[in-house]
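Secondary and tertiary structure notes
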Amino acid sequence: MPEGDTVHRAAQRLDEALHGLQVERFELRVPKFATSDLRGETVHEVVARGKHLLHRIGDFTLHSHLKMEGRWHVYRDGERWRAPAYQARAIVGAAGVETVGFEIADVDLVRTRDEESIVGHLGPDPLGDAWDAAEAARRLSADTRVVHVALQDQRNIAGFGNEYVNEILFVRGILPTTPAAETDAAGIV
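Note that the structure is a prediction, hence the values are computed from the model and not measured. (Residues numbered from 1 in each chain as written. Predicted model: local features only at pLDDT ≥ 70, side-chain atom pairs only at ≥ 80, totals over all residues. Heavy atoms only, no water.)

Thoughts on the overall build of the protein
Helix and strand counts for the protein come out as six helices and eight strands. Taken from N to C terminus, the helices and strands of the protein fall in the order α-β-β-β-β-β-β-β-β-α-α-α-α-α. With the C-alpha coordinates aligned to their principal axes, the bounding extent of the protein is approximately 55 × 35 × 30 Å. Taking all 189 residues of the protein together, 49% fall into the buried category. Total accessible area on the protein stands at roughly 9,500 Å², and carbon and sulfur atoms take up 49% of it. Side-chain charges of the protein comprise 22 positive and 30 negative groups, with the mean position of each set lying 4 Å from the other. (Helix = DSSP H or I, 4+ residues; strand = E, 2+ residues; numbered from the N terminus. Buried < 20%, exposed > 50% of the residue type's maximum accessible area, 1.4 Å probe, protein only. Areas by Shrake-Rupley, 256 points an atom, 1.4 Å probe, with all protein chains shown as cover. Lys, Arg positive; Asp, Glu negative; His and termini not counted. Charge placed at Lys NZ, Arg CZ, Asp CG, Glu CD.)

Points about the sheet that holds strand β8 (residues 106-111)
In spatial order, the strands read β2-β3-β4-β8; together these four strands make up an open sheet with antiparallel pairing. Two strands bound the open sheet, and with one partner strand each, they are β2 (43-49) and β8. With strand direction ignored, the average angle separating the axes of adjacent strands in the sheet is 15°. Bridge count between strand β4 (residues 60-65) and β8: six bridges; the pairing is antiparallel. (Pairing = 2+ DSSP bridges. Axes fitted to C-alpha atoms, helices over the stretch in contact; angles between N-to-C directions.)

As for helix α1 (residues 4-18)
Taking 1.5 Å per residue as the helical rise, α1 with its 15 residues ought to reach 21 Å, and the 21 Å between its terminal C-alpha atoms agrees with that figure. Taken together, the buried positions of α1 are occupied by G4, D5, V7, H8, A10, A11, L14, D15, A17 and L18. Next to the buried residues of α1 lie β2, β3 (52-57), β5 (71-76), β6 (88-94), β7 (97-102) and α5 (162-172). (Expected span 1.5 Å × (residues − 1). Contact = heavy atoms within 4.5 Å.)

Some thoughts on the pairing of β6
In terms of residue burial, β6 counts as a mostly covered element, since six of its seven residues are buried. Taken together, the five bridges between strand β1 (residues 23-28) and β6 define a ladder with antiparallel strand orientation. Considered in β6, the bridge of R25 is made with G93. In the sheet, β6 pairs with β7 via six bridges, with the strands oriented antiparallel. The residue bridging I91 from the neighbouring strand is V100, located in β7.

Right, here's the structure in full:
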């Protein structure tokens, strides 16, 4: 599963490609949203929140989560896709550019005012504008599970995966099986 920084870089790449453009092609290849059409709407921004990607288009948010194998590609006009079409789950195209989400596990479309229903449970994101280290430390220190599990719980801190959790614990000299509540949560954060 990609770590949060990978998702943030993907959001940055997608935002650079789509920001401010009017949607000309919009396809969600999931039954629940197959008839959704945001053509003619403007892409306000594409941002990451933890490991979640949020395309804010018109009054809506296209939410996607990459899980283990998902990825978003950016193509210029006439460029051939680098993955098979049957793996495409979401397509957002505008003048001169087409972005395609391949093998994305989660795809949702909600009004932007309701996007908290999808990502509101997430803890502070170290790469987000609203990063709150004290809140992240508070959440981590209140968790009674082993620290390795507590750090991967996106409700405590959004964006960490197995790789970064292992590195953080190694650098801090903390056994992964130590209860989170018995660690220096502020030092970990």
